[in-house]
Number of protein chains: 2
Amino acid sequence: MTQRTASDAGQTGGLPRQRRTFSIGELAKIFEVTPRTIRFYEQEGLLAPERRGQTRIYCEKDRVRLKLTLRGKRLGFSLAEIREVVMMYDAMPDGNARQLQRLLEILADKRANLERQLEDIRLMHKELDDVESRAREVLSGLGVEPPKH
Amino acid sequence: MTQRTASDAGQTGGLPRQRRTFSIGELAKIFEVTPRTIRFYEQEGLLAPERRGQTRIYCEKDRVRLKLTLRGKRLGFSLAEIREVVMMYDAMPDGNARQLQRLLEILADKRANLERQLEDIRLMHKELDDVESRAREVLSGLGVEPPKH
DNA sequence: GCCGAGGTTTACGTTAACGTAAAGTGCTTG
DNA sequence: CAAGCACTTTACGTTAACGTAAACCTCGGC
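Residues numbered from 1 in each chain as written. Chains lettered and ligands numbered in written order. Predicted model: local features only at pLDDT ≥ 70, side-chain atom pairs only at ≥ 80, totals over all residues. Heavy atoms only, no water.

### Considerations on the packing of helix α3 (residues 60–74) of chain A against helix α5 (residues 97–141) of chain B
Thinking step 1. For the pair α3(A) and α5(B), interaxial distance at closest approach is 10 Å and the crossing angle is 125 degrees. Taken together, α3(A) and α5(B) sit at an angle that is classed as oblique. Handedness of the α3(A)/α5(B) crossing: left-handed. Within the contact between the two elements, α3(A) uses Leu68(A), Arg71(A), Gly72(A) and Arg74(A) and α5(B) uses Arg116(B), Gln117(B), Asp120(B), Leu123(B), Met124(B) and Glu127(B).
Thinking step 2. Class assignment of the residues belonging to the contact of α3(A) with α5(B) gives a composition of three nonpolar, two polar and five charged. (Axes fitted to C-alpha atoms, helices over the stretch in contact; angles between N-to-C directions. Helix = DSSP H or I, 4+ residues; strand = E, 2+ residues; numbered from the N terminus. Parallel < 35°, antiparallel > 145°, perpendicular 65-115°, else oblique. Left-handed = near helix turned anticlockwise from the far one by under 90°. Contact = heavy atoms within 4.5 Å. Nonpolar A, V, L, I, M, F, W, Y, C, P; charged D, E, K, R; others polar.)

### Considering the protein's contact with DNA strand D
Thinking step 1. As a matter of local geometry, DNA strand D sits amid 17 residues, with Ser23(A), Arg56(A), Thr34(B), Arg36(B) and Tyr41(B) nearest to it.
Thinking step 2. At 3.0 Å, a side-chain N or O of Arg39(A) approaches a phosphate oxygen of DNA strand D.
Thinking step 3. Taken together, the elements giving at least two residues each to the surface near DNA strand D come down to α1 (24–31), α2 (35–43) and β2 (55–57) of chain A together with α2 (35–43) of chain B.
Thinking step 4. In terms of residues, the surface near DNA strand D owes the most to one element, α2(B), which gives four residues.
Thinking step 5. For the surface near DNA strand D, the class distribution of residues is four nonpolar, seven polar and six charged. (Near = heavy atom within 4 Å. Polar contact = N/O pair within 3.5 Å; in protein donor to acceptor, adjacent residues only side chain to side chain.)

### A word on the interface of chain A and chain B
Thinking step 1. If you look at the interface, chain A gives 54 residues, while chain B gives 53 residues.
Thinking step 2. Here chain A packs against chain B, burying approximately 5400 Å² in sum over the two surfaces, 64% of which is carbon and sulfur.
Thinking step 3. Connecting chain A to chain B are nine salt bridges.
Thinking step 4. Taking the shortest distance from any N to any O, the salt bridge between Asp129(A) and Arg111(B) comes out at 2.9 Å.
Thinking step 5. At the junction of chain A and chain B, the tally comes to nine residue pairs in polar contact (both at pLDDT 80 or more).
Thinking step 6. Residue assignment for the side of chain A that touches chain B shows that the elements contributing at least two residues are α3, α4 (79–90) and α5 (97–141) of chain A. (Buried area = accessible area lost by both parts, 1.4 Å probe. Salt bridge = Lys/Arg side-chain N within 4 Å of Asp/Glu carboxyl O.)

### Observations concerning the protein's contact with DNA strand C
Thinking step 1. If you check the shell around DNA strand C, you find 16 residues, and the closest are Thr34(A), Arg36(A), Tyr41(A), Ser23(B) and Arg56(B).
Thinking step 2. The sugar-phosphate backbone supplies 71% of the atoms of DNA strand C found within 4 Å of the protein.
Thinking step 3. One nitrogen or oxygen atom from the side chain of Thr37(A) is found 3.4 Å from a phosphate oxygen belonging to DNA strand C.
Thinking step 4. Top contributing element to the surface near DNA strand C by residue count: α2(A), with four residues.
Thinking step 5. Here the residues of the surface near DNA strand C sort into four nonpolar, seven polar and five charged.

### Quick notes on the nonpolar core
Thinking step 1. Ile38(A) and Ile38(B) are the most contacted members of the largest nonpolar core, which totals 64 residues.
Thinking step 2. In this view, Ile38(B) contacts Ile24(B), Leu27(B), Ala28(B), Val33(B), Leu47(B), Tyr58(B) and Leu66(B); residues no more than four positions away in its chain are not counted. (Core = buried A, V, L, I, M, F, W, Y, C linked by side-chain atoms within 4.5 Å. Buried < 20%, exposed > 50% of the residue type's maximum accessible area, 1.4 Å probe, protein only.)

This is the structure:
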């Protein structure tokens, strides 16, 4: 785990609103991933940046997609699952009824997943509290001042 | 993802309290994993059941360990990370100060991770709401009654 | 006494998600 | 114009977390 704190990076910071584009290296730095990762996501159908010559040009929309993808990953979704949602989202306007129904199903599934994760987090939190207090007890029993946190 | 709903399975249901043991197959059924998975966790140092002959006998404590392990997995922890906490927890009474300090560090790290996940879930929830409402709009635009959920 | 159900070990196979290395392209800067 | 830097493609390597298959034991029942 030990994820660095790029957190939800990628704010544009009040620029000319919309004509900002990014190179693959810029995006990589912003989100603290390697260019290889970004190219891999494209190969998996999660991104489709424009090209100038053979160089990739990422627009604002691409940046958002990448952000959502990484968030999904942190929540344990596979790239395939993420693609399933992201692509349907894009194809929505001309999506037929069956597709949309399917999308709603998927969303419900994801939602259930999030609920379970919330519960897991609650429980895990308790465990951590327990382990920590036990550790602090033992420490002070050793005459060592534990860090106040 | 699409995790089945064994959820937090594995309640003993008011039995003689404590002398209950389990075969590998029983545990596998309870938690909806394969015996292979359970053996693998043992090989990775997450479980250490007793043996009768060469057959594994799991006690209540083993069951709890497995439960915690699976919960950790659902939260995206690697087996190595889970082992790190679980084993230190067990070795606590005779753990030296350095070990315990390290444990507290790890716990803080996990905690930070959970915080981030909570935020991610909040955000993801919003996205799902957005996608879903858009989908419902399009659907009703097609004259199709979307499921009331 | 044999059979099937469940357990065991050993070992090779598989999948996802990248890492890494090689070899080439293209700009711009001293 | 040579060097360097950022980009590209191609392709093989790696790790985690199991799956799967083969070959074996062992026990209760008929």
